[in-house]
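Reading the structure
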Amino acid sequence: MKPLRVMQFPGSDDSWNRALRALAPEHPPAVQQAALYGTIAAAHGRRCLRLEATCQGRRVALAQMIGRGGLWLLSRGPVFAPELDIWIRRAVLRRIARRAGLVLMTPENPLAGFGLIPLITPRHHAHWSLLPNAHMLRAGLAGKWRNRLAAAERAGLCVEPEPEIEWLLASDAAQQHARGYRALPPSFTLAWADRSPADLLALRVATSKGERIAGGIFLLHGEGASYHIGWTGPEGRVSGAHNLMLWQAALRLKARGIRQLDLGAVDSEDGAGRMHFKLGTGAKPHSLGATMWVLPR
């Protein structure tokens, strides 16, 4: 077996982000692997551990983990070098568990083998490539999705940046309560906006009278972005405001050099309507790995 080492990453937040881009330039990492995600978690009482794996002196993986109590969570990672042999990927996971202790992992891509004990079946996320030009992006929309967008444009709705996100966070909290799910707390979003305002895009959709009927928040991380929060009121659902908001967000993100927009989960338990809405953009379902325990030996 080739020499494989896992050690703590020694650099700053900026050097971590640069290392991620250099390791996998064609595949923007998930937001959970961005430096700012770990920094905010640490500021809110969690532990943040960044590890790098090398094989024969070459960096082959990077992993950011969040600790709580005696457990480490490795979400949407490690970030691996492209075309890395499967046996090295498995070995990296085992070495991370040996290095850190009790680790619960959800790899970005399916991974199985001896010592990898699946606990939760793989989920799927919608990844929307923003590389095509605007004309091609619009042509890639599903017919009904594009028709809803066109209707919202004809209705004269206004999409603008939203500097005051507190109302949107409150609306999202009420939506979570009504639908029975939980997400990252508002304090996380506020901390992200405070620490790196350039890496947060917030939009509102308003009527000609200035009434806010929809809004969304997107987190930027390297050349990737994540659909963080979305809310639409009753009038917005009738008028297609959410289609307009997401379309305008995609154009703005593309103009800022974002290559891929992660629209979030598209599994059946999340609701067929939300799944069809996300995939209607032309986004492709991407299978994550199973959430698993990794035996260190």
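Below or above, wherever it landed, is the structure these notes cover. As a convention, each chain's residues are numbered from 1 in the sequence order in which they are written. In keeping with the model being predicted, local features are shown solely for residues with a pLDDT of at least 70 and side-chain atom pairs are shown and tallied solely at 80 or more, while totals for entire chains, interfaces and linings include all residues. Where side-chain values are given, they derive from all heavy atoms of the structure, hydrogens and water being excluded.

Strands here mean DSSP runs of E at least two residues long; helices mean DSSP runs of H or I at least four residues long; both are numbered from the N terminus. On the secondary structure map, T281 appears in the loop between α10 (272-279) and β14 (284-287). Relative accessible area decides the class of each residue, using a 1.4 Å probe on protein chains only: under 20% of the type maximum gives buried, over 50% gives exposed, and in between gives partly exposed. On the accessibility criterion, T281 (1% relative accessible area) is buried. A polar atom in the side chain of T281 sits 3.2 Å from the backbone nitrogen of A283. Any two residues whose heavy atoms approach within 4.5 Å are treated as being in contact. The contacts of T281, once residues within four sequence positions are left out, are W128, G140, L141, W145, L246 and L263. Distance and chemistry together define a polar contact, namely a pair of N or O atoms within 3.5 Å, with one atom able to donate a hydrogen and the other to accept it when in protein, and with adjacent residues in sequence counting only for side-chain atoms on both sides.

Now for the layout of surface pockets. The definitions used throughout rest on a 1 Å grid laid over the protein atoms alone, on which a cavity is an enclosed set of points accommodating a 1.4 Å probe that cannot get out and a pocket is an open set flanked by protein within 12 Å on both sides along at least five of seven lines; lining residues are those having an atom within 4 Å of a point. Grid points are joined across faces, edges and corners, and a volume is the space filled by probe spheres set on the points. The volume enclosed by the second largest pocket comes to roughly 610 Å³. Listed by contribution, the elements that provide at least two residues to the lining of the second largest pocket are β5 (79-80), α3 (86-100), β8 (124-129), β12 (224-232) and β13 (260-265). Classifying every residue of the lining of the second largest pocket by side-chain character gives 17 nonpolar, eight polar and seven charged. Throughout, the ten residues Ala, Val, Leu, Ile, Met, Phe, Trp, Tyr, Cys and Pro are labelled nonpolar, Asp, Glu, Lys and Arg are labelled charged, and all others, Gly among them, are labelled polar.

In contact at an axis separation of 10 Å, helix α2 (residues 35-43) and helix α7 (residues 186-195) are set at 120° when each is read in the N-to-C sense. Taken as axis vectors, α2 and α7 run oblique relative to one another. Handedness of the crossing formed by α2 with α7: right-handed. Every residue of α7 that contacts α2 at L36, Y37, T39, I40 and A43 is listed here: F188, A191, W192 and R195. Of the residues in the contact of α2 with α7, the class split is seven nonpolar, one polar and one charged. An axis is simply a line fitted to the C-alpha atoms; with a helix, the fit covers only the stretch in contact. Between two such axes, the angle follows the N-to-C directions and lies from 0 to 180 degrees. Oblique is the label for every angle not falling under 35 degrees (roughly parallel), over 145 degrees (roughly antiparallel), or within 65 to 115 degrees (roughly perpendicular). By the definition used in this description, the sense in which the near helix is turned from the far one sets the handedness, with an anticlockwise turn below a right angle giving left-handed and a clockwise turn giving right-handed.

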